2 protein chains.
Amino acid sequence: MSELQKILKELIGLTESDWEVFRNKLKRKEFKAKTPLVSEGNISKNIYFIESGLLRTYHLLDGNEINTYFACDNQIISTFSSFIRQTASVEILETIEDSIVQELSFQNLTQLYKESVKFEKLGRILAEQNYLCVLDRTYMMQTKTAKEKYLDFLSTYDKKIVEGVPQHHVASFLGIAPESLSRVRKKIAAT
Amino acid sequence: MSELQKILKELIGLTESDWEVFRNKLKRKEFKAKTPLVSEGNISKNIYFIESGLLRTYHLLDGNEINTYFACDNQIISTFSSFIRQTASVEILETIEDSIVQELSFQNLTQLYKESVKFEKLGRILAEQNYLCVLDRTYMMQTKTAKEKYLDFLSTYDKKIVEGVPQHHVASFLGIAPESLSRVRKKIAAT
């Protein structure tokens, strides 16, 4: 049983026959590091179940890249607002490292919704998780100090993300200057 | 047919018999203006379908009220993260004017998910709408000028909200100082 099948069995009670239906909707793809899967201004056609690798979403603000999400092995990533609205994306989705993903298209997901209540449940959980993720990040940005933000990041995110994401990406994700992040990291290392 | 029934028929294809199931899960309640329906630190037990009235959600930041959402007749409001996680709310949900709502509890919504794929779809749409709402507000806060924010507010929100929500609540919702909002309103009125 693949990791994805295990996760979906746990999450929505997927049976073997549900899995067969689901599996036939996926396309396995390999991407080199720093490949954009969704570009700014394009409609996001897919969500990605990550088999292995490291990816990020970001948008541009006054020419600077503002990172909004990181994901790695056995996690899900998309530019979700463009995906559910099927309108041009303001976000960019890009690999940080070489990655292998299972791609699920909007059309196929919409089709799955009609096939079983389990897939509607999957859609609900995806939307809830995206909601909580953006809400938690917004709240963190508004209320925490640089040190608190970084400690939160260390305790919340997967080791592969903490170790693999370049520090300047982490800084923009946390809404702090790269120099502040560097100072915070030194202070934490010294304690 | 009530307005709520019409909306749900449109949104998820609710039949007469689905409506009977749904209707029996609701509790109709009336609240005076400035009544908290969810307090900070309490678990949000319900979402509210608004029959009539005007409500807001907000959180406290350094003793100041930061408004995060407004809703009126035939709209839905909740402190959604506390509701879906069933954990203590950082947000407060309060009536601005006297309001009549149909209350749907977490237990009853979870029960509905099991009864029909249509209610799972409703759950998905609720989550997607909450996601888009918080994402759009975050993006607006980061990228727009005070004037653009207010013009967006005028074009996006219901007339009842634009006219009924006190200006200092609108200012914190848009992330601008009350004096800036006042200046912007004067400039717009003069053009």
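Criteria and thresholds
Residues numbered from 1 in each chain as written. Chains lettered and ligands numbered in written order. Predicted model: local features only at pLDDT ≥ 70, side-chain atom pairs only at ≥ 80, totals over all residues. Heavy atoms only, no water. Phe/Tyr/Trp six-rings, centres within 6.5 Å; stacked < 30°, edge-to-face > 60°. Helix = DSSP H or I, 4+ residues; strand = E, 2+ residues; numbered from the N terminus. Buried < 20%, exposed > 50% of the residue type's maximum accessible area, 1.4 Å probe, protein only. Lys NZ or Arg CZ within 6 Å of the ring centre and 35° of its normal. Contact = heavy atoms within 4.5 Å. Buried area = accessible area lost by both parts, 1.4 Å probe. Salt bridge = Lys/Arg side-chain N within 4 Å of Asp/Glu carboxyl O. Polar contact = N/O pair within 3.5 Å; in protein donor to acceptor, adjacent residues only side chain to side chain. Pairing = 2+ DSSP bridges. Least-squares fit on C-alpha atoms with pLDDT ≥ 70 in both. Expected span 1.5 Å × (residues − 1). Core = buried A, V, L, I, M, F, W, Y, C linked by side-chain atoms within 4.5 Å.

Draft legend 1. Representation of the packing of aromatic side chains. Counted under the stated rule, the structure contains 22 aromatic pairs over all chains. Arranged with centres 5.9 Å apart and planes meeting at 15°, the rings of Phe22(B) and Phe119(B) form a pair that is stacked. Of the two residues, Phe22(B) is situated in helix α2 (residues 16–23) and Phe119(B) in helix α5 (residues 117–143); the sequence distance between them amounts to 97 residues. Given the relative accessible area of 0%, Phe22(B) is considered buried. Here Phe119(B) falls in the buried class, since its relative accessible area comes to 1%. Three or more aromatic residues link up through ring pairs in this structure, and these residues are Phe70(A), Tyr150(A), Phe153(A), Tyr157(A) and Phe173(A). Its end group placed over the ring of Tyr58(A), Arg56(A) keeps NZ or CZ at 3.9 Å from the ring centre.

Draft legend 2. Summary view of the interface of chain A and chain B. Contact residues are listed per partner, giving 26 residues for chain A and 26 residues for chain B. Here chain A meets chain B over a buried area of about 2,600 Å², counting both sides, of which 67% is carbon and sulfur. Contact with chain B buries area across many residues of chain A, yet Glu120(A), Arg124(A) and Tyr131(A) alone supply 23% of it, more than any other trio. Counting the contacts that link chain A with chain B gives four salt bridges. The shortest N-O distance in the salt bridge between Arg124(A) and Glu120(B) comes to 2.8 Å. Linking chain A with chain B are seven residue pairs in polar contact (both at pLDDT 80 or more), by the criterion used here. Of all the elements in the fold, those that place two or more residues in the side of chain A that touches chain B are β4 (54–61), α3 (80–85) and α5 (117–143) of chain A. The greatest single-element share of the side of chain A that touches chain B, amounting to 18 residues, is contributed by α5(A).

Draft legend 3. The sheet that holds strand β3 (residues 46–52) of chain B, seen in detail. All names here are of chain B. Taken in spatial order, the four strands make up an open sheet running β1-β8-β3-β6, and their pairing is antiparallel. Two strands bound the open sheet, and with one partner strand each, they are β1 (26–31) and β6 (76–77). Strand direction decides the pairing type here: β3 and strand β8 (residues 99–105), joined by six bridges, are antiparallel. Each bridged residue has a counterpart across the sheet, and for tyrosine 48 the counterpart in β8 is glutamate 103.

Draft legend 4. Up close: the environment of Arg56(B). Residue and element names in this part refer to chain B. Of note, arginine 56 is situated in strand β4 (residues 54–61). Distance from arginine 56 to serine 81, taken between C-alpha atoms, is 15 Å for residues 25 residues apart in sequence. Discounting residues that sit within four places of it in the chain, arginine 56 has contacts with Glu65, Asn67, Tyr69, Phe70, Ile77, Ile92, Leu93, Glu94, Ile96 and His169. Of the polar contacts made by the side chain of arginine 56, one reaches the side chain of asparagine 67; its length is 2.9 Å.

Draft legend 5. Representation of the sheet that holds strand β3 (residues 46–52) of chain A. Residues and elements named next belong to chain A. Within the open sheet, the four strands sit side by side as β1-β8-β3-β6. Their pairing is antiparallel. One side of each edge strand has no neighbouring strand; the edge strands of this open sheet are β1 (26–31) and β6 (76–77). One ladder, built from six bridges, connects β1 with strand β8 (residues 99–105); its direction is antiparallel. When the sheet's bridge partners are listed, glutamate 30 is paired in β8 with isoleucine 100.

Draft legend 6. Main features of the relation of the copies chain A and chain B. Superposing chain A onto chain B takes a rotation of 180° plus a shift of 0.0 Å along the axis, which leaves an RMSD of 0.0 Å. Taken together, these values place the two copies in the relation of a two-fold axis. Both copies contact each other with a shared surface, as 100% of the interface residues of chain A are interface residues in chain B too.

Draft legend 7. Expanded view of α5(A). Between its terminal C-alpha atoms α5(A) stretches 38 Å, which fits the 39 Å expected from 27 residues at 1.5 Å a residue. Sitting at the amino-terminal end of α5(A) is Ser116(A), which places a side-chain oxygen 2.9 Å from the backbone nitrogen of Lys118(A).

Draft legend 8. Structural view of the environment of Val184(A). All names here are of chain A. Mapped onto the secondary structure, valine 184 falls in helix α9 (residues 178–190). For valine 184, a relative accessible area of 9% gives the class buried. Spatially, the C-alpha atoms of valine 184 and valine 117 are 47 Å apart, while their sequence positions differ by 67 residues. Ignoring sequence-local partners within four residues, the contact set of valine 184 consists of Ala146, Lys147 and Tyr150.

Draft legend 9. Looking closely at the nonpolar core. By size, the foremost hydrophobic cluster in this structure holds 50 residues, and its most contacted members are Phe22(A), Leu104(A), Tyr131(A), Phe22(B), Leu104(B) and Tyr131(B). Among residues more than four places away in sequence, those in contact with Leu104(A) are Phe22(A), Lys25(A), Leu26(A), Lys45(A), Asn46(A), Ile47(A), Phe49(A), Phe83(A), Leu109(A) and Leu112(A). If you look at the next biggest cluster of nonpolar residues, it comprises 19 residues, including Leu54(B), Met140(B), Leu181(B) and Ile188(B).

Draft legend 10. Here's a closer look at the pattern of salt bridges. All names here are of chain A. Evaluated as defined, the whole model comprises 30 salt bridges over all chains. The partner of lysine 6 in a salt bridge is glutamate 3, with the nearest N and O atoms 3.3 Å apart. Remark: glutamate 3 and lysine 6 occur in helix α1 (residues 3–12); sequence separation between them is three residues, near one turn of the helix. Residue class for lysine 6 comes out partly exposed when judged on its relative accessible area of 41%. With a relative accessible area of 39%, glutamate 3 lands in the partly exposed category. Between aspartate 98 and lysine 32 there is a salt bridge, with the nearest N and O atoms lying 4.0 Å from each other. Of this pair, aspartate 98 sits in the loop between β7 (92–95) and β8 while lysine 32 is found in the loop between β1 and β2 (36–38), placing the two residues 66 residues apart along the sequence. Given a relative accessible area of 61%, lysine 32 falls into the exposed group.

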